[in-house]
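Structure at a glance
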Amino acid sequence: MTTPADTAALAAALDAADPLAAHTAAFVRDPSVVSYLDGNSLGRPLTALEQRFARFIGHDWGTRLIRGWDEGWMRRPYDLGDRLGALVGAAAGQAFIGDSTTVLLYKLVRAAVDAQSASGRTEIVIEDDSFPTDRFIVEGVAAERGLEIRWIEVDRAAGATLEQVRAIVGERTALVLLSHVAYRSGHVADVAGITAAARDAGALVLWDLCHSAGVIPTALDASGVDLAVGCTYKYLNGGPGSPAFGYVRRDLQTALAQPIQGWMGAADVFAMAPRYEPAPDLRRFASGTPPVLATVALEAMVELLEQVGVDAVREKSVALTDFAEASLEAHVLPLGARLASPPAGPTRGSHLTVTHPAFREVTERLWARGVIPDFRGPDGIRVGLSPLSTTFAEVETGVAAIGEELRAALA
Ligand SMILES: *Cc1c(COP(=O)(O)O)cnc(C)c1O
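How each quantity is defined
Residues numbered from 1 in each chain as written. Predicted model: local features only at pLDDT ≥ 70, side-chain atom pairs only at ≥ 80, totals over all residues. Heavy atoms only, no water. UniProt positions renumbered as here; feature names shortened; annotations may be inferred. Helix = DSSP H or I, 4+ residues; strand = E, 2+ residues; numbered from the N terminus. Buried < 20%, exposed > 50% of the residue type's maximum accessible area, 1.4 Å probe, protein only. Contact = heavy atoms within 4.5 Å. 1 Å grid on protein atoms, 1.4 Å probe; cavity = no way out; pocket = protein on both sides within 12 Å on 5 of 7 lines; lining within 4 Å. Points joined across faces, edges and corners; volume = space filled by probe spheres on them. Nonpolar A, V, L, I, M, F, W, Y, C, P; charged D, E, K, R; others polar. Pairing = 2+ DSSP bridges. Core = buried A, V, L, I, M, F, W, Y, C linked by side-chain atoms within 4.5 Å. Domains from an automatic or database assignment. Buried area = accessible area lost by both parts, 1.4 Å probe. Polar contact = N/O pair within 3.5 Å; in protein donor to acceptor, adjacent residues only side chain to side chain. Near = heavy atom within 4 Å. Areas by Shrake-Rupley, 256 points an atom, 1.4 Å probe, with all protein chains shown as cover.

The chain is annotated in an unreviewed UniProt entry as Kynureninase from Agrococcus jenensis. Of the chain, the UniProt comment under Cofactor (unreviewed entry) reads exactly: "pyridoxal 5'-phosphate". The UniProt entry for the chain carries the following comment under Function (unreviewed entry): "Catalyzes the cleavage of L-kynurenine (L-Kyn) and L-3-hydroxykynurenine (L-3OHKyn) into anthranilic acid (AA) and 3-hydroxyanthranilic acid (3-OHAA), respectively."

Here it is in structure tokens:
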């Protein structure tokens, strides 16, 4: 059993030995934020962004003006997509910056089930505890297309397993939509195994990478993944509402038709053609004008990740998560709270959920004192650990504060 004194000393030792420690200073750190434990929901901004935005406004936008589209903005969703793709194991020409995660999910889910309808496949498989938007999109598409939803009942402290997927997929499965990392528990799914099982059954597979992109290595190509969508404002620090990225396996691209047919997805965008003719490649998944301004911060973070490497980021993520567990054991679990995340190891992502009935109130008290985890109903505090911007000392301070406020709430 680790004690509070042990964990404080351990945090100092881990920070001193952390090969990525210097990067924490590359992010905006206001002294009023004592401990930021929500980088899994909204990453911190890089300090370099002030300069980048100034340059974008003064030069790219202010000086180049409309010429910017020819000089790179039209290519930007695909150029930046290739670089992001490389971070998740995708060869060039398969990843792109698109709309919000929600809209991209809609487009790709619809495209996938429509492509499968000719073979009489009428079911969509999804976890019953996946992120609300994923479930809501599937409900909408199922209603629109007359399909059936097959729910995988997941353990709230874990996630969908290979055995569960094997048991539910079959000749009627059109699509399997799962999260790589469960937003609640932090469970890491077996992407390669589940993808193979689903594809053996003839289903297409769409992975939601929102809680893994930029922090957990992913081998999309090597795992035979068909489709993926990922968020860029979480571990990719793209800023509030930065657009999502999509992945469509190369040999699937022309077989799919997405439902939001706009001019940016047309074969010849400036032909102003009388009828919609989709582009013969990845561009067909675009709809309208790309949100260029909203990718400035994302590009800066992609650059940093290219330099550091996702494997090194994952190594620190594991160390931070293991340390957070030790700190919770010292400060919070003895007060009756429970860990609702997988045990240490490859099935644990970069955040932990700890539960207690008093945590809604505790979270309010924590935010008031600059300790910022997030609360997920009914009773969970998520401790999110964004490796490049988080110190071990910050985790210790934050977790100790959770203990103090829980003690106060129980008094
Ligand atoms: C964060 C997150 C989303 C967010 O979708 P938006 O369209 O960006 O609001 C969707 N799915 C999962 C799994 C997420 O973690």
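A word on the UniProt feature "domain: Aminotransferase class V" (unreviewed entry) in the chain
UniProt records the feature "domain: Aminotransferase class V" (unreviewed entry) at residues 109-330, using the numbering of this structure. When the span residues 109-330 is considered, its composition is 33% helix and 14% strand, and the gap between its end C-alpha atoms is 44 Å.

Section: the side chain of Ser41
If you trace the backbone, Ser41 turns up in the loop between strand E1 (35-36) and helix H2 (49-61). Relative accessible area serves as the criterion here: at 18%, Ser41 is assigned to the buried category. In this structure Ser41 touches Tyr233, Lys234, Asp374, Arg376 and Arg382, once residues within four positions along its chain are discounted.

Examining empty space enclosed by the protein
For the structure on display, the rule yields 4 cavities of 30 Å³ or more. As for the largest cavity, its lining consists of 14 residues, and the residues nearest its centre are Glu127, Asp129, Ser130, Ala182 and Tyr183. Forming the boundary of the second largest cavity are Phe27, Gly214, Val215, Tyr235, Asn237, Met301, Leu305, Val313, Ser386, Pro387, Leu388 and Ser389. Residue composition of the lining of the second largest cavity, by class: 8 nonpolar, 4 polar and no charged.

Some details on the environment of Ala12
Following the sequence through the fold, Ala12 ends up in helix H1 (residues 4-17). Residues Ala12 and Thr391 lie 379 residues apart in sequence; the distance between their C-alpha atoms is 9.2 Å.

Let's talk about the pairing of strand E5 (residues 173-179)
Extensive coverage of E5 is indicated by the burial of 7 of its 7 residues. Across 4 bridges, the pairing between strand E3 (residues 123-127) and E5 is parallel. If you follow Val125 over to E5, its bridge partner there is Val176. Summarising the sheet, E5 and strand E6 (residues 204-208) pair through 5 bridges and their orientation is parallel. Across the sheet, the residue bridging to Leu178 is Trp207, located in E6.

Section: the nonpolar core
Membership of the largest hydrophobic core comes to 53 residues, with the highest contact counts inside it found for Leu84, Ile152, Leu178, Trp207, Leu209, Phe245 and Leu388. Listing elements by their share of this core, those giving two or more residues are helix H3 (76-87), helix H6 (162-168), E5, helix H7 (191-200), E6, strand E8 (245-248), helix H8 (296-308) and helix H9 (310-331). No other element matches the 8 residues that H8 contributes to this core. Looking at which domains feed residues into this core, each of domain 1 (4-45 + 309-410) and domain 2 (74-305) gives three or more. What Leu388 contacts, discounting residues up to four positions off in sequence, is Leu20, His23, Thr24, Phe27, Met301, Leu304, Leu305, Val308 and Val313. Counting 34 residues, the second-largest nonpolar core is a separate cluster that includes Ile137, Leu147, Ala174 and Val248.

Observations concerning the domain arrangement of the chain
Here the chain is described as being made up of domain 1 (4-45 + 309-410) and domain 2 (74-305). Its C-alpha centre places domain 1 at a distance of 29 Å from the equivalent point of domain 2. Each partner contributes residues to the interface: domain 1 has 32 residues there, and domain 2 has 25 residues. Of the roughly 2200 Å² buried where domain 1 meets domain 2, counting both sides, 59% is carbon and sulfur surface. The largest per-residue losses of area from domain 1 upon contact with domain 2 belong to Asn40, Val310 and His351, which jointly make up 22% of the total buried on that side. Counting across the interface, domain 1 meets domain 2 through 17 residue pairs in polar contact (both at pLDDT 80 or more).

Points about the site of the ligand
In the vicinity of the ligand, the contacting residues are Ser100, Thr101, Thr102, Phe131, Thr133, Asp134, Asp208, Cys210, His211, Tyr233 and Lys234. Taking Asp208, its side chain carries an N or O atom lying 3.3 Å from a nitrogen atom of the ligand. Taking Lys234, its side chain carries an N or O atom lying 2.5 Å from an oxygen atom of the ligand. In isolation the ligand has 390 Å² of accessible area, and contact with the protein removes 86% of it. For the shell around the ligand, the elements supplying multiple residues, two or more each, are helix H4 (101-117) and helix H5 (132-145).

Examining unusual backbone geometry
Omega for the bond connecting Gly377 with Pro378 falls within 30 degrees of zero, at 5 degrees, which places this linkage in the cis form. As for its position among the elements, Pro378 is in the loop between strand E12 (374-376) and strand E13 (380-384). Look at Asn237: it is not a glycine, yet its phi comes out positive at around 50 degrees. Tracing the backbone through its elements, the reader meets Asn237 in the loop between strand E7 (227-230) and E8. Unusually for a residue other than glycine, Met272 sits at a positive phi of about 50 degrees. Following the sequence through the fold, Met272 ends up in the loop between E8 and H8.

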